[in-house]
Amino acid sequence: MSIYTFGLEPLSCHAWNKDRTQIAISPNSNVVHIYQKSGKEWNKIHELTEHSGRITGVDWAPETNRIVTCASDRNAYVWTLKDGVWKPTLVLVRINRAATCVKWSPMENKFALGSGAKLISVCYFEKENDWWLSKHIKKGICSTVLSLDWHPNNVLLAAGSADLHCRVFSAYIKDIEEKPGPTPWGSKMPFGEVLFEHKECGGWVHSVSFSPSGDTLAWVSHNSSISVADGPRGKQVTHLTTDNLPLMSVIYVTENDIVAAGHDCCPYQFSYIGPEALGFVKKLDVPKQSSKGSMSAMQHFRNLDKKATTEEDHNEMETLHQNSITQLCIVEGPKTNVEKYSSVGLDGAMVVWTFKV
């Protein structure tokens, strides 16, 4: 594992390019910074500065090399690299509240955007008019959409929201794609159709993630629980309430292994084998060795001068992150066998973790 610090500002979201040599990060402001890796250092090479509100989501499409950003200014932009400069294209998302999250579909021909307007905008490119249009999914959503994830078939879309619900919608747009085949979640898929809805999530649904096959769906809620819905087994839901602080982000690292992290500042591993078989595996952080050695005379007088005490300061946490983790991302390996994943947190740090089964 390796830790990098990008200043003192909290990191609200991040995304990697295809070969993982560049990373897009938002330091809790209206700007996205793009860093390039050279050796062990990260050097800032671009700034995306079109937004006027705090950026809430960023995603980088690996094949088309397009970045999508959304912010509390109710706008979304698709950025393309032309002659070494990132050029923005405004998306007609048609929302009257802040955007909260954004995610490219697996085929990168559309993206989904969640917002505080109680709807999801599914945006696609219309060649005739040369612009990005959106269609709205509103069915049943009663509050802010907090998290999104696409099914591998490029049609189904999972959404977690602040109305304590987790849902799976159809985001099939007949203008740009062929009719999808049946899935364990359902066979009839007109746009906006609700294929799964779980009401008793116990808290805001902070993050959702489909498994690599798309057969199961995991989500984490603000009541410190993690849940998995099993599509092939009648969409049966298994809950596990943890003793930890609430988890904020969840990803699958194999078909049966899940990694989640949040306010406890470190990632945890869970495994799901089948209905009622969701379990905690282990904490994935290595505790720091606390240096409780003898205090030097200089440190003794420095503490006396700074804090009017001779006691050593033990406020530092034992985890690598010193504040809540906001987001997890896959760095290396396919979703079926992730080798490395990254986390960003409110402490301004980004950590790349190695996953071993």
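What counts as what
Residues numbered from 1 in each chain as written. Predicted model: local features only at pLDDT ≥ 70, side-chain atom pairs only at ≥ 80, totals over all residues. Heavy atoms only, no water. Helix = DSSP H or I, 4+ residues; strand = E, 2+ residues; numbered from the N terminus. Rg over C-alpha atoms; globule rule 2.2 N^0.38 Å. Buried < 20%, exposed > 50% of the residue type's maximum accessible area, 1.4 Å probe, protein only. Contact = heavy atoms within 4.5 Å. Areas by Shrake-Rupley, 256 points an atom, 1.4 Å probe, with all protein chains shown as cover. Lys, Arg positive; Asp, Glu negative; His and termini not counted. Charge placed at Lys NZ, Arg CZ, Asp CG, Glu CD. Pairing = 2+ DSSP bridges. Axes fitted to C-alpha atoms, helices over the stretch in contact; angles between N-to-C directions. UniProt positions renumbered as here; feature names shortened; annotations may be inferred. Phe/Tyr/Trp six-rings, centres within 6.5 Å; stacked < 30°, edge-to-face > 60°.

Enquirer: With reference to specific residues and values, describe the overall build of the protein chain.
Expert: The number of helices and strands found in the protein chain is one helix and 28 strands. By the compact-globule yardstick of 21 Å for 357 residues, the protein chain fits well, its C-alpha radius of gyration being 21 Å. Each principal axis of the C-alpha atoms in the protein chain carries an extent, and together these give about 75 × 55 × 35 Å. A buried classification covers 52% of the 357 residues belonging to the protein chain. Expressed as a percentage of contacts within the protein chain between residues at least 6 apart in sequence, the contacts between residues at least 24 apart total 49%. With an accessible surface of roughly 16,400 Å², the protein chain has 49% of that area assigned to carbon and sulfur atoms. Of the side-chain charges in the protein chain, 36 are positive and 38 negative, and the distance between the mean point of each set is 4 Å.

Enquirer: Go over the environment of His198 with me, naming the residues and quoting the values.
Expert: The topology assignment puts His198 in strand β17 (residues 194–198). Take His198: its relative accessible area is 15%, and that puts it in the buried class. Measuring from C-alpha to C-alpha, the distance between His198 and Ser72 comes to 27 Å, with 126 residues separating the pair along the chain. In this structure His198 touches Leu164, His165, Cys166, Trp219, Val237 and His239, once residues within four positions along its chain are discounted.

Enquirer: Tell me what's going on with the pairing of strand β10 (residues 99–104), and back it up with residues and numbers.
Expert: Sheet analysis places β10 next to strand β11 (residues 110–115), joined by five bridges and oriented antiparallel. Residue pairing in the sheet places Cys101 in a bridge with Gly114 of β11. Hairpin connection from β10 to β11: five residues lie between these consecutive antiparallel strands, with Glu108 at a positive phi of about 65 degrees.

Enquirer: Residue-level account of unusual backbone geometry, with values.
Expert: Unlike most non-glycine residues, Arg74 shows phi in positive territory, near 70 degrees. Relative to the helices and strands, Arg74 resides in the loop between β7 (66–71) and β8 (76–82). One non-glycine residue with positive phi stands out, namely Asn154, at about 75 degrees. In this structure, Asn154 sits in the loop between β14 (145–150) and β15 (156–161). Using a relative accessible area of 1% as the deciding quantity, one classes Asn154 as buried.

Enquirer: Could you give me a rundown of the sheet that holds strand β5 (residues 41–48), with the residues and numbers involved?
Expert: Read across the open sheet, the four strands follow the order β2-β3-β4-β5; overall the sheet is antiparallel. Sheet topology places β2 (13–16) and β5 at the edges, where each strand pairs with a single neighbour. The sheet shows a mean angle of 25 degrees between the axes of neighbouring strands, direction not considered. Note: β2 against strand β3 (residues 22–26), four bridges, orientation antiparallel. Bridge assignment links Cys13 to a residue of β3, and that residue is Ser26.

Enquirer: Talk me through the UniProt feature "repeat: WD" (unreviewed entry) in the protein chain; I want residue IDs and the actual numbers.
Expert: Look at the UniProt record and you will see "repeat: WD" (unreviewed entry) annotated at residues 48–84. In residues 48–84, the share of helix is 0% and the share of strand is 57%. The end C-alpha atoms are 13 Å apart.

Enquirer: Describe the sheet that holds strand β18 (residues 205–210), naming the residues involved and giving the relevant values.
Expert: Reading across the sheet, the four strands line up as β18-β19-β20-β21 and stay open at both edges, with antiparallel pairing between neighbours. Every other strand in the sheet has two partners, leaving β18 and β21 (236–241) as the edge strands with one partner each. Recorded for the sheet is a direction-independent mean angle of 15 degrees between the axes of neighbouring strands. Across five bridges, the pairing between β18 and strand β19 (residues 216–221) is antiparallel. Bridge pairing in β19 links Ser209 to Ala218.

Enquirer: Run through the packing of aromatic side chains, naming residues and quoting values.
Expert: Considering all chains together, one arrives at 16 aromatic pairs under this definition. Measuring from centroid to centroid gives 5.8 Å for Trp104 and Trp132, while their planes differ by 70 degrees, and the two rings are edge-to-face. A residue pair is termed long-range when its members are at least 10 positions apart, and Trp104 in strand β10 and Trp132 in strand β13 (residues 131–137) qualify at 28 residues. Taking relative accessible area as the criterion, Trp104 reaches 6% and is therefore assigned buried.

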